[in-house]
Amino acid sequence: MKFKIKKAQPKPLKKTTLNRFLRKRMIIYVIPNVFFNFIIAYASFNELGYTHFFACTQSLARLTLPMAIFLPVVLTIDIMKRVTDAAGQEAIEFKVDDQLNLKKLMTKLSILHGLITGSLVLLSLLSAQYILSEFYKLDATAMALLVGVLAGLLSILFTYIPILILKRYLYKTLPAN
């Protein structure tokens, strides 16, 4: 006897506009990312009371670099998938072009976003360490706040940037009279 696994149907969405849909998703992304990244950083940094950019086990780079690489990857894939699902359910005013290879576009954009933000954060950390001394001690609470703010900014940016690129493949539907 063969068992067939049925593909799960996406939850039906209410009709809305793309801007409202994106604003709601942005709020859902920002609040937990800021909270959890701040709490994780604060718990990690609070051990000795101070931290460095790259030196020791409590380095700022140890927390910010993985976040700066993986957060844009996950957010890009998630928001593009949700917008195309909403367009497929006709919950937003756009339709997706049938010629679009969505998986290829999501993969390419997510890798590109992760590499760009990771390299920008690495360059920022390297330049900050170059400007300040190698042995400069950073306040743990301030650095935890910085990590939380960075997570919030990345959440906002990577809610909207992928959709700006996806809009090339979206077209408005004509209202039915």
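Residues numbered from 1 in each chain as written. Predicted model: local features only at pLDDT ≥ 70, side-chain atom pairs only at ≥ 80, totals over all residues. Heavy atoms only, no water.

S.K.: Please give an account of the overall build of the chain that cites residues and values.
M.R.: For the chain, the helix and strand inventory stands at four helices and four strands. Overall, the chain shows an N-to-C arrangement of helices and strands of α-β-α-β-α-β-α-β. The buried share of the chain, taken over its 177 residues, is 38%. Within the chain, counting contacts between residues at least 6 apart in sequence, those at least 24 apart form 84% of the total. Looking at the chain as shown, the accessible area adds up to about 11800 Å², and 66% of this sits on carbon and sulfur atoms. (Helix = DSSP H or I, 4+ residues; strand = E, 2+ residues; numbered from the N terminus. Buried < 20%, exposed > 50% of the residue type's maximum accessible area, 1.4 Å probe, protein only. Contact = heavy atoms within 4.5 Å. Areas by Shrake-Rupley, 256 points an atom, 1.4 Å probe, with all protein chains shown as cover.)

S.K.: Account for the nonpolar core, naming residues and giving values.
M.R.: Phe-45, Leu-60, Met-80, Val-83, Ile-92 and Leu-166 are the most contacted members of the largest nonpolar core, which totals 42 residues. Those elements that provide at least two residues to this core are helix H1 (18–45), helix H2 (60–88), helix H3 (102–131) and helix H4 (140–166). Of all the elements, H2 adds the most residues to this core, at 13 residues. Once you skip the residues sitting within four places of it in the chain, Ile-92 turns out to touch Thr-16, Thr-17, Leu-18, Phe-21, Val-83, Ala-86 and Ala-87. (Core = buried A, V, L, I, M, F, W, Y, C linked by side-chain atoms within 4.5 Å.)

S.K.: Kindly report on the layout of surface pockets, identifying the contributing residues and their values.
M.R.: Here the largest pocket defines a volume of roughly 450 Å³. Around the largest pocket, the lining comprises 16 residues; the ones closest to its centre are Lys-11, Leu-13, Phe-21, Lys-24 and Arg-25. Listed by contribution, the elements that provide at least two residues to the lining of the largest pocket are H1 and H2. When residues in the lining of the largest pocket are grouped by element, the largest group, five residues, is from H1. Residues of the lining of the largest pocket, tallied by class, amount to seven nonpolar, two polar and seven charged. The volume enclosed by the second largest pocket comes to roughly 190 Å³. (1 Å grid on protein atoms, 1.4 Å probe; cavity = no way out; pocket = protein on both sides within 12 Å on 5 of 7 lines; lining within 4 Å. Points joined across faces, edges and corners; volume = space filled by probe spheres on them. Nonpolar A, V, L, I, M, F, W, Y, C, P; charged D, E, K, R; others polar.)

S.K.: Which residues make up the side chain of Asn-33, and what values do they have?
M.R.: The topology assignment puts Asn-33 in helix H1. Using a relative accessible area of 16% as the deciding quantity, one classes Asn-33 as buried. Reaching out from Asn-33, the side chain makes a polar contact with the backbone oxygen of Tyr-29 at a distance of 2.9 Å. With near-sequence residues (within four places) excluded, Asn-33 lies in contact with Leu-71, Leu-75, Ala-151 and Ser-155. (Polar contact = N/O pair within 3.5 Å; in protein donor to acceptor, adjacent residues only side chain to side chain.)

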